[in-house]
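Observations on the model geometry
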Amino acid sequence: VSLERQQEIAAVVRGYRKDGVTVPWFDLAYRFGLSQSDMEHIVALDDDRLQKRRKLSARVTQLADQAFDSQRGRCDWDSVIKKLDMPLMECLGWFDASLSSVPVRSLPKFVDWLPDDFPLLKEFVQQFPGTLTADDQQLVSAFMNVKQADCAMAYNMCIRPRMTTELFELTTSYREQGMPWKDIYQQIPVFASVQALPKVYSQFKAKESSGPKPATIHVRWTDAETARFHEIIRQHYLHGGIRNDEARLLHLVTLYDPRAIDWTTIAGDLGRAVNACKCKHWQLRKQREPKLAAEHADAVSHAVKKQYTHHQSVDWARVSESVGLSERECLEANQFGDGKARWIYDPDTFSWDMANRMTTFIETNYPRPLPVNYAAVSNYMWIEPDDCVKMASLLRGEMTWTEDAVAKVVELRNQGMMYKDIARQLLSIKFT
């Protein structure tokens, strides 16, 4: 039995046990062609595999905490590598921030970073080819012990150095203290050279002192109008959870999804133009999203881990209530994923109930052209993210058409097979 098949069997059995239902061993024996004892053995082996993964993750995290350097604010990963005899990237992959006792540094401002952090960050990131993926960013965050958004900000400054108001004020304070340019460069090591720093500084200074910019005429929103704006949105927001009820999913609309808001009613109540209300809504959303991502990811992950550890399931309504976010925001912020099942396509066992459940969630929360957040989809389905992406691709009918695939369609069609049955046959065939 292949490893994927074993994991599928283990996931199905765990699903029955989690719901408190007696495992229908006879039906599963017919479905998988294995005896009950063989399947119980497979589940035990998979449980042992997951337990070993948890122990290794806890071990790496424990050693990382012990190797924490308080002066540098990050772990001495070299010592962890020596103790485990494991490559750096593998150690970072096993590190679990939710188990760590060391708080992740929040460095949203450039001046908060230590001078030696920038060369280290730049050198580490250069190991990744191309654009950083979400998994790559998580490794960078673990290595630097800095939140992902702050790491991205600092790295962008390293590869595209520019003078900002914050850096200008910092440089000016150093110059007023009599510090030479070479010493200032050591404190701000992002520009190409020592000679480039005074040049960029002078250009920014000249631009700022060139004269006042024309004032933009606009009417400011009062606090009362902003409060009223929130009140109207709440009135027109269709409240609904996302536990396991598809009917409620149809009514799930997040507070910051403009597709669910009656803008005409809002504009009429406030006495504002529709576009003005939309712009105000966009501003409020942009102010809220970075704060949620930075401040609540750890709290959401901790709440999810606590529920899953005790109940082997997650009640997202309770998570939402405990952290003060909407359920979709919790789904997008959660980083805990132990025990997620695999979802591998098999035409004989394929469940359209699961497929429809995932499709409904995606269409409701991420209607086109909004990009789909597959981390949220994975958390909602409690399925591995890669499997969710692959299954969504299959459900959209995406495949590479080859001569063999076209010939197969013609052959099956000549046999009188309907197109929907042909589609299912094609999904189970690998063409080269």
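Residues numbered from 1 in each chain as written. Predicted model: local features only at pLDDT ≥ 70, side-chain atom pairs only at ≥ 80, totals over all residues. Heavy atoms only, no water.

1. A word on the overall build of the protein
Secondary structure assignment for the protein yields 22 helices and two strands. Split into buried and exposed, the 432 residues of the protein put 38% on the buried side. The contacts of the protein with a sequence gap of at least 6 include a subset with a gap of at least 24, amounting to 63%. (Helix = DSSP H or I, 4+ residues; strand = E, 2+ residues; numbered from the N terminus. Buried < 20%, exposed > 50% of the residue type's maximum accessible area, 1.4 Å probe, protein only. Contact = heavy atoms within 4.5 Å.)

2. A short note on the packing of helix H18 (residues 352-365) against helix H19 (residues 374-381)
One can describe the packing of H18 onto H19 by two numbers: an axis separation of 11 Å at closest approach and a directional angle of 140°. The angle between H18 and H19 places the two elements in the oblique class. Taken as a pair, H18 and H19 cross one another with a handedness that is right-handed. The residues of H19 that touch H18, namely those facing Met354, Arg357, Met358, Phe361 and Ile362, are Tyr374, Ala376, Val377, Tyr380 and Met381. Of the residues in the contact of H18 with H19, the class split is nine nonpolar, no polar and one charged. (Axes fitted to C-alpha atoms, helices over the stretch in contact; angles between N-to-C directions. Parallel < 35°, antiparallel > 145°, perpendicular 65-115°, else oblique. Left-handed = near helix turned anticlockwise from the far one by under 90°. Nonpolar A, V, L, I, M, F, W, Y, C, P; charged D, E, K, R; others polar.)

3. Observations concerning unusual backbone geometry
A positive phi angle, close to 55°, is found at Asn145, a residue other than glycine. Although it is not a glycine, Trp382 sits at a positive phi angle of roughly 55°. Tracing the sequence through the fold places Trp382 in the loop between H19 and helix H20 (385-395).

4. As for the state of the cysteines
Tallied over the full model, the rule gives zero disulfides. Here Cys75 is not disulfide-linked; the sulfur of Cys91 is the nearest cysteine sulfur, at 9.0 Å. With relative accessibility at 9%, the residue Cys75 sits in the buried group. Residue Cys91 is classed as buried on the basis of its relative accessible area, which comes to 0%. (Disulfide = S-S within 2.5 Å.)

5. Focus: the nonpolar core
Core analysis: the largest hydrophobic core is formed by 45 residues, its most contacted members being Trp77, Trp113 and Ile188. The residues touching Trp113, leaving out its near neighbours within four places in the chain, are Leu107, Phe118, Leu121, Met144, Val146, Asp150, Cys151, Met153 and Ala154. Val314, Leu325, Trp382 and Ile383 belong to the second-largest nonpolar core, a separate cluster that totals 33 residues. (Core = buried A, V, L, I, M, F, W, Y, C linked by side-chain atoms within 4.5 Å.)

6. Here we look at H19
Across the eight residues of H19, seven count as buried, placing the element largely inside the fold. For H19, the N-terminal cap is Asn373; the gap from its side-chain oxygen to the backbone nitrogen of Ala375 is 3.1 Å. Downstream of H19 by one or two residues, Trp382 has phi in the positive range, about 55°. (Polar contact = N/O pair within 3.5 Å; in protein donor to acceptor, adjacent residues only side chain to side chain.)

7. Some words on the packing of aromatic side chains
Taken as a whole and judged by the stated rule, the model has nine aromatic pairs. Here Phe168 and Tyr201 contribute two aromatic rings whose centre-to-centre distance is 4.9 Å and whose plane-to-plane angle is 20°, an arrangement assigned as stacked. Of this pair, Phe168 sits in helix H9 (residues 165-176) while Tyr201 sits in helix H11 (residues 196-208), and the two are 33 residues apart along the sequence. The class of Phe168 is buried, set by a relative accessible area of 17%. (Phe/Tyr/Trp six-rings, centres within 6.5 Å; stacked < 30°, edge-to-face > 60°.)

8. Quick look at helix H1 (residues 3-18)
Taking 1.5 Å per residue as the helical rise, H1 with its 16 residues ought to reach 22 Å, and the 22 Å between its terminal C-alpha atoms agrees with that figure. Three or more residues of H1 are buried, namely Gln7, Glu8, Ile9, Ala10, Ala11, Val12 and Val13. Buried-residue contacts for H1 involve helix H2 (25-32) and helix H3 (36-66). The positive-phi residue at the C-terminal boundary of H1 is Gly20, with phi of around 70°. (Expected span 1.5 Å × (residues − 1).)

9. Focus: the pattern of salt bridges
One side chain can pair with another of opposite charge once the charged atoms of both are near each other. Taken as a whole, this structure holds 13 salt bridges when the rule is applied. Residue Asp46 pairs with Arg49 through a salt bridge whose shortest N-O separation is 2.9 Å. Of this pair, Asp46 and Arg49 both sit in helix H3, three residues apart, which is roughly one turn of the helix. Look at Asp46 and you get buried, because its relative accessible area is 6%. (Salt bridge = Lys/Arg side-chain N within 4 Å of Asp/Glu carboxyl O.)

10. Some details on the packing of helix H6 (residues 117-125) against helix H8 (residues 148-159)
Relative to each other, H6 and H8 sit at 90°, their axes nearing to 10 Å. Between H6 and H8, the angle is such that the two are roughly perpendicular. Where H6 approaches H8, its residues Phe118, Leu121, Lys122 and Val125 are matched on the opposing element by Cys151, Ala154, Tyr155 and Cys158. When its residues are assigned to classes, the contact of H6 with H8 shows seven nonpolar, no polar and one charged.

11. Let's talk about the side chain of Ser301
When you line up the elements, Ser301 lands in helix H15 (residues 274-311). Ignoring sequence-local partners within four residues, the contact set of Ser301 consists of Ala333, Asn334, Gln335 and Phe336.

12. Brief notes about the confidence of the model for the protein
Mean pLDDT over the protein: 77, with 78% of residues reaching 70 or higher. Considering only residues more than four positions removed or in separate chains, one finds that residues 237-259, a stretch of pLDDT under 50, has 55 contacts. (pLDDT = per-residue confidence, 0-100.)

13. Concerning the environment of Trp181
Assignment of secondary structure puts Trp181 in helix H10 (residues 181-187). Sequence-distant contacts of Trp181, defined by excluding residues within four places in its chain, comprise Thr171, Arg175, Val194, Leu197, Pro198 and Tyr201.

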